[in-house]
Amino acid sequence: MNCENSIVIHAPLGKIFQTTSNLELWPKLLPHYRWIRVVKRDGNSLVVNMAARRGWLPIQWTSRFEVVSAPPELRFHHLKAFTKGMNVKWTFAQTDDGVRVRITHQLDRWYAGLLARHFIEPVASRTLAAFKSHLEGVVAAVPSGTPSLAAEDSRYYNETKS
């Protein structure tokens, strides 16, 4: 199974990348996310427990998370349960229309199509829509010439190139 969700966000690439790569912000910005807990810090990666809602249904998973700065990517590797072995990659591409943010999920399980259709794609599309709403609202509200986000938000960046 290989499924993909994408959206164009009208905000600076750096701001989008910085915001989406800060997992601690997700439950504050994404109404369907219940919590994210860091289980382990391992060099340039984190092991995290993540919990969201698919409609009324609570879901959760454990992933290894890493941020790659060039090219900008977020990577998740699921470690447990039904999504064990799933690889998730967020990519960011500047286009004439804005920044295309793409989430690709890859899972080799017989039931992966059902997971994609009923859980993965709905949660990913809601995640992208919430980030778009937040980031475009922030950009519209910030006067031109205002400095970007603080440097301390870069603590999760991995300078490894792939």
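Now for a description of the structure that goes with this document.

The rules we used
Residues numbered from 1 in each chain as written. Predicted model: local features only at pLDDT ≥ 70, side-chain atom pairs only at ≥ 80, totals over all residues. Heavy atoms only, no water. Pairing = 2+ DSSP bridges. Helix = DSSP H or I, 4+ residues; strand = E, 2+ residues; numbered from the N terminus. Phe/Tyr/Trp six-rings, centres within 6.5 Å; stacked < 30°, edge-to-face > 60°. Buried < 20%, exposed > 50% of the residue type's maximum accessible area, 1.4 Å probe, protein only. Core = buried A, V, L, I, M, F, W, Y, C linked by side-chain atoms within 4.5 Å. Contact = heavy atoms within 4.5 Å. Salt bridge = Lys/Arg side-chain N within 4 Å of Asp/Glu carboxyl O. Polar contact = N/O pair within 3.5 Å; in protein donor to acceptor, adjacent residues only side chain to side chain.

### Regarding the pairing of strand E7 (residues 98-106)
Part 1: As paired elements, strand E1 (residues 2-9) and E7 share 8 bridges and run antiparallel to each other. Within the sheet, the bridge partner assigned to Asn5 lies in E7 and is Ile103.
Part 2: By the bridge criterion, 9 bridges tie strand E6 (residues 87-95) to E7 in an arrangement that is antiparallel. Counted as the bridge partner of Val88 is His105 from E7.
Part 3: From the end of E6 to the start of E7, which pair antiparallel, there are 2 residues.

### Quick look at the packing of aromatic side chains
Two measures describe an aromatic ring pair: the distance that separates the ring centres and the angle between the ring planes.
Part 1: This model, assessed by the stated rule, comprises 10 aromatic pairs.
Part 2: An angle of 90 degrees between the planes, with centres 6.2 Å apart, marks the rings of Phe82 and Tyr111 as edge-to-face. Taken together, the residues Phe82 in the loop between strand E5 (73-78) and E6 and Tyr111 in the loop between E7 and helix H3 (112-141) connect sequence positions 29 residues apart.
Part 3: By relative accessible area, which is 61% here, Phe82 ends up exposed.
Part 4: Among the residues examined, Tyr111 registers a relative accessible area of 17% and is labelled buried.

### Quick word on unusual backbone geometry
Part 1: Looking along the chain, the bond that leaves Ala70 and enters Pro71 is cis, with omega of -10 degrees.
Part 2: When you line up the elements, Pro71 lands in the loop between strand E4 (57-68) and E5.
Part 3: Non-glycine residue Ala81 carries a positive phi angle of around 65 degrees.

### Quick notes on the nonpolar core
Part 1: Among the nonpolar cores identified, the biggest contains 41 residues, and Trp26, Tyr33, Met50, Phe76, Trp90 and Val101 are the most heavily contacted of them.
Part 2: No other element matches H3, which puts 10 residues into this core.
Part 3: When near neighbours in sequence (up to four residues on either side) are disregarded, Met50 contacts Leu23, Trp26, Tyr33, Trp35, Ile36, Ile59, Gln60, Trp61 and Phe76.

### Structural notes on the pattern of salt bridges
Part 1: Throughout the structure, instances matching the rule amount to 4 salt bridges.
Part 2: Where Glu73 meets Arg75, a salt bridge forms, and the shortest distance between an N and an O atom there is 2.8 Å.
Part 3: Owing to a relative accessible area of 22%, Arg75 belongs among the partly exposed residues under this scheme.

### Considering the environment of His10
Part 1: With respect to the secondary-structure elements, His10 resides in the loop between E1 and helix H1 (13-20).
Part 2: His10 gets classed as partly exposed once you look at its relative accessible area, which sits at 45%.
Part 3: With 88 residues separating them in the primary sequence, His10 and Gly98 have C-alpha atoms 4.9 Å apart.
Part 4: For His10, the side chain forms a polar contact with the main-chain oxygen of Asp97, separated by 2.8 Å.

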